[in-house]
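Architecture and fold: a report
One letter stands for each residue in the lines below.
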Amino acid sequence: MSKHVSTPSAWEEEKPVTLVSPSEVLASSLGDRDLSFCGTWHHSRIPLHLNFNLTPGCSSILISANESSMSVEGQIAAQCKQSGRLDLGQYGLDTEEDSDFCLYYEPLQDQLKLQVKRMNLTLCPPTHSLPLDCCTALAHGSNTAIAEFGIANAAIRGDVIGPHIRKAFEIGSGFRVPCERLCHEGGCGSTQANVSTEDEPELPFTLRLEVKMEDNFEGRTFTSTIREGESPDTATSVHLPSVLRKAVKSNNRVVCAFFKNSSIFQDSHPEVSILEDVVEITVENEVIKDLSEPIKINFSHNAIPKTHLRTCVSWDTRKDPQKVTWLTDGCETVRHRDNQTECRCTHLTYFSILVQLEPKPVRHLLALTVITSLGCAVSVISCIALIVYLCRKRRAKEQSTLIHLRLAASLALLNLLFFLTGVMANVGGPRLCSVVGAALHYALLCSFTWMGIEVFHTFWLVYMVFNPIPKMLIWNLIGFALPIVPILILAFLGDVYGRREVMASENDTDPYLMCWMTNSPTAALAHYFINLTTLAVLVSAGLVMLFLVYREIRTRDEWRQRRVAFLSIWGLSCLFGTTWGLTFLDFGPLSDFILFLSCILISFQGFFLMLRFFLLDSMRKQAGGSALGSSSSGSTRQHMLQNQEKS
């Protein structure tokens with residue numbers, strides 16, 4: 001309320017709430033059931049705003065105005081509790097000095113509307129059901145003195161109070177009557193039109209604007225209400241383009257409703273959440289889509305970290321009006337700041353921002369993509385070179401060499417498919433992308449399996465030297481046949497493999513596409529229970545084996561050379577896949593360093609593996625076979641491990 005307007009208590013003592021039976025007041029209540037207060041607001045040509053503060057009760061309502069603001073406050077509603085501040089300059093009122101207005105209250109709907117010129121503002125939304133008590137038979141109370149700015153030509157239900165300009169008018173002396181009896185005796189009127197149907201939900205909004213688009217409509221911007229003490233920058237704004245007038249067929253009225261803190265809009269997925277602000281933009285009985293110029297909705301919100309994805313979404317109530325399903329179709333997300341997001345949409349419906357509760361977007365996606373592509377290309381060439389090298393060795397038929405060959409082949413296939421997956425996602429169809437995604441998953445599981453076989457084979461050579469080693473057929477069945485079982489099961493379940501969007505935290509409008517596992521719940525379960533579980537077992541076994549190897553051969557003379565010790569541990573790490581364990585350490589202050597380090601080590605694993613064999617071979621040649629090539633280390637286990645290092 002403006003500082004120039006006194007409160008009702010400045011005029012007279014507050015009237016107590018009168019409780020009467022329907023039979024005593026029903027006759028007078030039926031005739032004066034609804035309230036309409038109209039007048040002309042005389043103001044200056046300066047920025048104007050509306051203040052309102054409405055609470056449940058049945059005492060009085062105060063309408064006041066001065067040169068820059070209008071206020072509506074009081075207690076006449078059954079359930080409505082609304083307060084806020086609204087900028088009126090967006091409706092063009094500050095271009096004139098007089099603005100006609102009407103305030104309407106319908107007790108059977110508990111709905112309060114303010115019409116200013118051709119703008120309809122709903123301050124209290126209609127209820128879903130009939131209220132228990134209705135405040136009716138409201139009458140004219142006290143006035144303030146004549147003033148330069150304020151309300152002129154005031155009238156209640158068409159009865160003129162006076163032509164003079166006054167700062168405020170009080171309307172009170174209402175009766176509280178059971179709404180069911182009032183509805184039964186006098187008819188429910190337009191209330192029936194507000195009962196929710198299965199075709200379109202009725203939702204509680206904080207502000208509802210109805211705009212009439214004339215033939216010369218050039219676009220308009222509207223803002224929501226703001227709380228007391230908040231900056232005008234925190235309001236949600238909507239810009240309607242001029243092309244909207246050309247898109248409508250018969251109805252030239254567009255409705256814009258602002259919602260806040262409504263749980264009905266929340267999606268059923270716990271990993272995402274809708275912002276507290278939701279905007280509805282509709283034209284009654286018309287479907288507006290594919291606008292040549294988008295509608296712009298600017299949401300102001302609490303700061304959202306860059307690691308949390310935010311996306312503009314819309315709800316198409318025509319598909320399933322009773323189920324909230326947020327879609328990204330037809331909307332573009334433009335992030336201005338951490339606390340401000342603009343949605344550009346080419347259709348009309350409900351709009352909001354979907355926020356990822358977990359930090360899902362990838363940081364530094366472009367740099368990581370370049371490193372991964374380069375690493376995969378180098379690894380493919382390195383693995384092919386390693387395969388040729390191992391095949392030309394004298395001990396090419398030994399089991400250790402055969403296992404190394406299959407690991408190199410698996411890594412070559414994995415890196416080749418990963419290098420091509422982005423291209424396939426952009427140029428191939430959905431079916432081809434599903435096949436490539438399944439093949440990539442198979443190559444990943446094959447690589448994990450052969451790394452595990454390397455671990456187990458090394459353990460067998462070191463600690464089970466007197467037991468016969470399983471034949472190569474067993475290793476082939478485990479390494480190549482076993483991984484295909486989960487792939488076939490997931491392919492049978494469906495909706496697991498296909499095109500996957502990877503969002504960058506720096507730019508969520510241009511995702512990286514790849515053929516991999518989709519975002520479906522089934523794919524997520526498969527990723528956690530198959531991929532991550534297998535990786536966790538592999539890394540744990542590899543680290544244990546590295547410790548056992550170190551403990552077993554740390555006293556060897558050649559291990560006293562730091563270079564030999566480092567190359568041996570590092571080489572076995574490439575075989576065992578322990579570097580993949582860095583993916584579990586992507587958190588904390590060193591997360592970016594770990595992210596890049598793991599990306600380099602994993603994508604270049606084929607190159608490091610080739611380098612390991614070439615360096616060890618070079619060291620053996622330099623040592624003349626006496627250091628790393630000698631078999632007289634003093635124990636059979638060491639001799640077998642030495643053969644493993646030689647191969």
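Read on for a plain summary of the structure. Small disclaimer: the values here were computed from a predicted structure and weren't measured. (Residues numbered from 1 in each chain as written. Predicted model: local features only at pLDDT ≥ 70, side-chain atom pairs only at ≥ 80, totals over all residues. Heavy atoms only, no water.)

**Some details on the environment of Gln82**
With respect to the secondary-structure elements, Gln82 resides in strand β5 (residues 82–87). Here Gln82 falls in the buried class, since its relative accessible area comes to 14%. It is 7.3 Å that separates the C-alpha atoms of Gln82 and Leu123, two residues lying 41 residues apart in sequence. (Helix = DSSP H or I, 4+ residues; strand = E, 2+ residues; numbered from the N terminus. Buried < 20%, exposed > 50% of the residue type's maximum accessible area, 1.4 Å probe, protein only.)

**Examining the pairing of strand β21 (residues 295–300)**
Two faces belong to every sheet, and in a regular strand the side chains alternate between them. Taken across its six residues, β21 has five buried, putting it largely inside the fold. The pairing of strand β17 (residues 237–240) with β21 spans three bridges and is antiparallel. Paired with His239 across the two strands is Lys296, which belongs to β21. Of the strand pairs in this sheet, β21 and strand β25 (residues 340–345) are connected by six bridges, and their pairing is antiparallel. Looking across to β25, one finds that Asn298 is bridged to Glu342. (Pairing = 2+ DSSP bridges.)

**Some remarks on the sheet that holds strand β10 (residues 139–143)**
Spatially, β5-β2-β4-β3-β13-β10 is the arrangement adopted by the six strands of the open sheet, whose pairing is mixed. Edge strands, defined here as strands with exactly one partner in the open sheet, are β5 and β10. Mean inter-strand twist for the sheet, computed between neighbouring axes without regard to direction, equals 15 degrees. Here strand β2 (residues 49–56) runs beside β5; their pairing, made up of six bridges, is antiparallel. Among the inter-strand pairings, Asn53 is bridged to a residue of β5, identified as Ser83. (Axes fitted to C-alpha atoms, helices over the stretch in contact; angles between N-to-C directions.)

**Focus: unusual backbone geometry**
In this model, Arg157 sits at a positive phi of 50 degrees, which is unusual for a non-glycine residue. Inspection of the secondary structure assignment puts Arg157 in the loop between β11 (146–156) and β12 (159–162). Residue Arg157 is classed as partly exposed on the basis of its relative accessible area of 25%. If you check the backbone angles, Asp290 has positive phi at about 55 degrees while not being a glycine. The topology assignment puts Asp290 in the loop between β20 (277–283) and β21.

**A word on the nonpolar core**
In this structure, Leu50, Ile61 and Ile281 are the most contacted members of the largest nonpolar core, which totals 67 residues. In contact with Ile281, other than residues within four places in its own chain, are Val238, Leu240, Val254, Val255, Cys256, Ile295, Ile297, Leu348, Thr349 and Phe351. (Core = buried A, V, L, I, M, F, W, Y, C linked by side-chain atoms within 4.5 Å. Contact = heavy atoms within 4.5 Å.)

**Things to note about helix α8 (residues 484–493)**
Every buried residue belonging to α8 is among Pro486, Ile487 and Leu490, and all of these are buried. Buried residues of α8 fall within an arc of 105 degrees about the axis and therefore sit on the same side. α8 presents Leu488 and Phe492 as exposed residues on the side facing more than 90 degrees away from its buried surface. Backbone geometry just after α8 places Gly494 at a positive phi near 80 degrees. (Arc of directions from axis to C-beta.)

**Observations regarding the pattern of salt bridges**
In this structure the tally under the stated criterion is four salt bridges. Residue Glu210 is joined to Arg253 by a salt bridge in which the shortest nitrogen-to-oxygen separation is 3.3 Å. On the criterion of sequence distance, the pair formed by Glu210 in strand β15 (residues 207–212) and Arg253 in strand β18 (residues 253–260) is long-range, its members being 43 residues apart. The exposure class of Glu210 is buried, given its relative accessible area of 17%. A residue is classified by how much of its surface remains accessible, and Arg253, at 29% relative accessible area, is partly exposed. In this structure, Asp215 and Arg245 form a salt bridge, with 3.1 Å as the shortest nitrogen-oxygen distance. You can see Asp215 sitting in the loop between β15 and β16 (220–223) and its partner Arg245 sitting in helix α3 (residues 243–247), a full 30 residues away along the chain. On the accessibility criterion, Asp215 (71% relative accessible area) is exposed. (Salt bridge = Lys/Arg side-chain N within 4 Å of Asp/Glu carboxyl O.)

**Description of the packing of helix α5 (residues 399–427) against helix α6 (residues 430–463)**
Following both chains from N to C, one finds α5 and α6 inclined at 155 degrees, their axes separated by 8 Å at the closest point. On the basis of their axis angle, the class for α5 and α6 is roughly antiparallel. Pair α5 / α6 crosses with left-handed handedness. Grouping the constituent residues of the contact of α5 with α6 by class yields 21 nonpolar, seven polar and two charged. (Parallel < 35°, antiparallel > 145°, perpendicular 65-115°, else oblique. Left-handed = near helix turned anticlockwise from the far one by under 90°. Nonpolar A, V, L, I, M, F, W, Y, C, P; charged D, E, K, R; others polar.)

**With respect to the side chain of Thr449**
Structurally, Thr449 can be placed in helix α6. Non-local contacts of Thr449, meaning those with residues more than four positions away in its chain, are made with Ile478, Gly479 and Pro483.

**Considering helix α11 (residues 591–603)**
In a regular helix each residue adds 1.5 Å, so 13 residues correspond to 18 Å; α11 covers 18 Å between its end C-alpha atoms and thus fits that length. For α11, the full list of buried residues reads Ser591, Ile594, Leu595, Ser598, Cys599, Ile602 and Ser603. Burial along α11 is one-sided: seen end-on, the buried residues are contained in an arc of 135 degrees. (Expected span 1.5 Å × (residues − 1).)

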